[in-house]
Amino acid sequence: MSRQQDPKGVILTGYISNIEVVSPASGVNSAEEIESSSLSRRTGHYSVQNRARNAPGKPPYHRCNSQDSLDELAMDDYWTEVENITLSGEGDAEPQEEVQLKVPDEGEQEEAWLTEAGLATLFDESASDPEDMMGLLSTLTRTQAAAVEKRVEKLQQTLRKRNKQHQVPDVRDIFKLPGTPESKEDEAKSPERSENRKKDITTDGQAMGLGNRAGPAEQSVSEPETDINLEVSFSDQALSYKEGSKGSSEALTDADDKLPNFKLSRDKTGLTKVGDLSPHDMKKVHRLVLIEMTALFDTAGIDLKAHKAVKLKVKESGLFGVPLAALLEQDQRRQPGTKVPIILQRLISHIEDEGLDTEGLLRIPGAAIRVKAVCVELEGKFYEGLFPWESLKQHDAASLLKLFIRELPHPLLTVKYLSAFIAVLRLPTKKQQLQALNLLVLLLPESSRDTLKALMEFFQRVIDHKEQNKMTLNNVAVVMAPNIFMFKGFRNKISEQQEFSLATETANIVRLLIRYQNLLWTIPKFIMNQVRKQNTENQKKMSKDRAMMKLLKKMAYEREKHEKQEKPLSEVDSSSQGFIRVQAPQFSKVSMAVQLTEELQASDVLSRFLSQDSSVSVKREDLCLYEIGGNIQERCLDEETYMKDLLELNPSAEWFIKCIQR
């Protein structure tokens, strides 16, 4: 492949499944089916050979009938949308630049992965990383540790081939614990490592069962099938499922194509959503999620190969065709705190203002010539506030929204993870697919993640009016899939048969993103526990300095003595007396004492504060009770958090009421 790169070009790394550029989840069809597919496409009739054409008992497809599965005939709208996209691009004055993919050099993928995971010092002793690598390693579960070991071993093999002088540490030394056997043969026979891993992640002082190779029967008894367990590592759950199903010939059936009513098990210490944590802790979350995502795919035997996307020079200003990060930086100069591009917000609000009952909304395209003219007019008048929104037709606005997504120089799901999203469907169960999507959403850059969330919320509002607009979950997913997944030059890189397979796969991914959006932007509790443990380990390391220890003890003694003399009794060690002190420095009522009870929730604390401070002009939904310090830097609490349970998990925390920074 020729490699031409502009001096200002950007190189991105992508994790791509090991079957060519993208990996269809379905098997290769027969020659007859392939020939039939190609013929039907050449004659303008599109269908996907996902099941037998004349499956017995299969009802004919009618729009709006099904929300649970994608029938092959439902894909007509997909191919119509592809045609519309192709036609809308014809006649452009400037040819669109394509993403060029390049296979990385041997060992490059492992180095990039270890670097992103915060483990660069495993192969580069000069790498300066402020994070404590050993603290991170000490929190890993057995499947996560296996994922790290696999990458280190591959890199070792590569470096040996290159005859490098410096040695990568042996994986047995990296994870060596007291009592760990010296040989891998002994290691496989010994239960000690499993027991060590079992103790790695705990919640409320109790082991969570990681490390023992228990079968799935144990988990299935403790939780209904529709529950998503956030307390145990997803990859450990997948390993238990795999070990429990060995020897069985389970395959995805029509029933597996249904969408279960998954829900998150409530946790007394509160759910943590994206945006609830400080950037410092989110950096730890990213590293742990990367390791966990890789471990989950490893457990299923899915190898995600890295590719490079070589991008040429892109626009640095404007509305359409501008990198998402650059566009947000541009918008934040006008409206500080903006997380979703202003133009996208305005298009969504205009479509909703016109009414979501319009039949075929998002499916029926606007007039191509008119849409191009409006696009040019928006570029010149939008930021000046001179664009005549009252003259913009609703279908034209929907076409502009789709054009905005397609014109992003880098795909919304990023080159880095686009094919990993597609590979999700190769996981054996819907639950594992949903867990993988959860991890991938967390790995997206903040700009992509926030924009994707705004789109999914909008799509759901469209679906809520399906009785009037005839746009069901399936219909919206099918229409939007090519707009989200077909980056520039995408169709030139795959065969026709791959394109047929990818049609249903990408539509299914969009369907899952919309259907389960309330779950996918949640940080799993086992990741949060690992972050807490890593913070605790880092604090322990800092406290090992004896001089610092003496100084801290002396300061603590003097401070405690002073506080006991100066503070009223109600403020001394309030938590041990059944109270917590909540501070609100932004408001006139600076602090208040709240009595702890078994049923006290964060929402109760906020209600009590508002009832005692009538001068607060901020809306209730804009306030949050924050957990600060101890084993977390900062966390905005879910209103259903039980304060006594959280205090047991983080006894050194302080509590603050602040405005949410949106």
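Within any chain, residue numbers begin from 1 and follow the written order of that chain's sequence. For a predicted model such as this one, the threshold for reporting local features is a pLDDT of at least 70, and the threshold for listing and counting side-chain atom pairs is 80 or more; totals across whole chains, interfaces and linings nevertheless cover every residue. Side-chain measures here rest on the full set of heavy atoms in the structure, leaving out hydrogens and waters.

The name given to the protein chain in an unreviewed UniProt entry is Rho GTPase activating protein 18, and the organism recorded there is Oncorhynchus kisutch. UniProt positions are given in the numbering used here, feature names are shortened, and annotations may be inferred rather than shown by experiment. Per UniProt, the protein chain carries the Function (unreviewed entry) text "GTPase activator for the Rho-type GTPases by converting them to an inactive GDP-bound state."

Colleague: Hey, could you run me through the packing of helix α11 (residues 279-299) against helix α16 (residues 414-423) in this one?
Modeller: Two quantities define a packed helix pair, namely the angle between the helix axes and the distance between the axes. An axis is simply a line fitted to the C-alpha atoms; with a helix, the fit covers only the stretch in contact. Between two such axes, the angle follows the N-to-C directions and lies from 0 to 180 degrees. Secondary structure elements are taken from DSSP: a helix is a run of H or I of four residues or more, a strand is a run of E of two residues or more, and numbering for both begins at the N terminus. Here α11 crosses α16 at 40°, and the two axes come no closer than 12 Å. In terms of orientation, α11 and α16 fall into the oblique class. Taken as a pair, α11 and α16 cross one another with a handedness that is left-handed. Across the interface between the two elements, His-286, Leu-290, Met-293 and Phe-297 of α11 pack against Tyr-417, Ala-420 and Ala-423 of α16. In terms of residue class, the contact of α11 with α16 is built from 6 nonpolar, 1 polar and no charged. Roughly parallel means an angle under 35 degrees; roughly antiparallel means over 145; roughly perpendicular covers 65 to 115; every other angle is labelled oblique. For any pair of crossing helices, the crossing counts as left-handed if the nearer helix is rotated counterclockwise from the farther one by less than a right angle, and right-handed if it is rotated clockwise. Pairs of residues are marked as contacts when any of their non-hydrogen atoms sit within 4.5 Å. Just so you know the grouping, Ala, Val, Leu, Ile, Met, Phe, Trp, Tyr, Cys and Pro go in nonpolar, Asp, Glu, Lys and Arg go in charged, and all remaining residues, Gly too, go in polar.

Colleague: Looking at this model, I keep getting lost on empty space enclosed by the protein. Mind explaining?
Modeller: Any empty space left between the atoms is revealed when a probe the size of a water molecule rolls over them. Definitions used for this entry: grid spacing 1 Å over protein atoms alone; cavity, a set of points where a 1.4 Å probe fits but cannot get out; pocket, an open set with protein on both sides within 12 Å along at least 5 of 7 lines; lining residue, one with an atom within 4 Å of a point. Grid points are joined across faces, edges and corners, and a volume is the space filled by probe spheres set on the points. This structure, assessed with the given rule, holds 8 cavities of 30 Å³ or more. In this model, the largest cavity occupies a volume close to 90 Å³. Looking at the largest cavity, it is lined by 14 residues, and the ones nearest its centre are Asp-267, Gly-270, Thr-272, Lys-525 and Met-528. With 4 residues, the top contributor of residues to the lining of the largest cavity is helix α23 (residues 525-542).

Colleague: Before we go on, may I ask you to explain the pattern of salt bridges in this structure?
Modeller: When the charged atoms of two side chains with opposite charge come close together, those side chains can pair. Counted as salt bridges are all cases of a side-chain nitrogen of Lys or Arg within 4 Å of a carboxyl oxygen of Asp or Glu. If you walk through the whole model with that rule in mind, you get 21 salt bridges. Between Arg-266 and Glu-640 there is a salt bridge whose closest N-O contact spans 3.1 Å. Linking Arg-266 in the loop between β6 (263-264) and β7 (272-273) with Glu-640 in the loop between β13 (632-636) and α26 (643-649), this pair joins segments that are 374 residues apart in sequence. To sort residues, take the accessible area from a 1.4 Å probe on protein chains only and compare it with the maximum for the residue type: under 20% means buried, over 50% means exposed, and anything in between is partly exposed. Since its relative accessible area comes to 46%, Arg-266 is described here as partly exposed. On the basis of relative accessible area, Glu-640 is assigned to the partly exposed category, the value being 42%. We note a salt bridge from Glu-639 to Arg-620, for which the minimum N-O separation is 3.0 Å.

Colleague: So what exactly am I meant to see when it comes to the side chain of Glu-292 here?
Modeller: If you trace the backbone, Glu-292 turns up in helix α11. An unpaired buried charge is present at Glu-292: no salt bridge exists, and Arg-142, the closest side chain of opposite charge, is 10 Å distant. Setting aside residues no more than four positions away along its own chain, Glu-292 makes contact with Gln-144, Ser-233, Phe-234, Ser-235, Leu-439, Phe-526 and Ile-527. All tallies of charge rest on Lys and Arg as positive and Asp and Glu as negative; His and the ends of each chain are not included.

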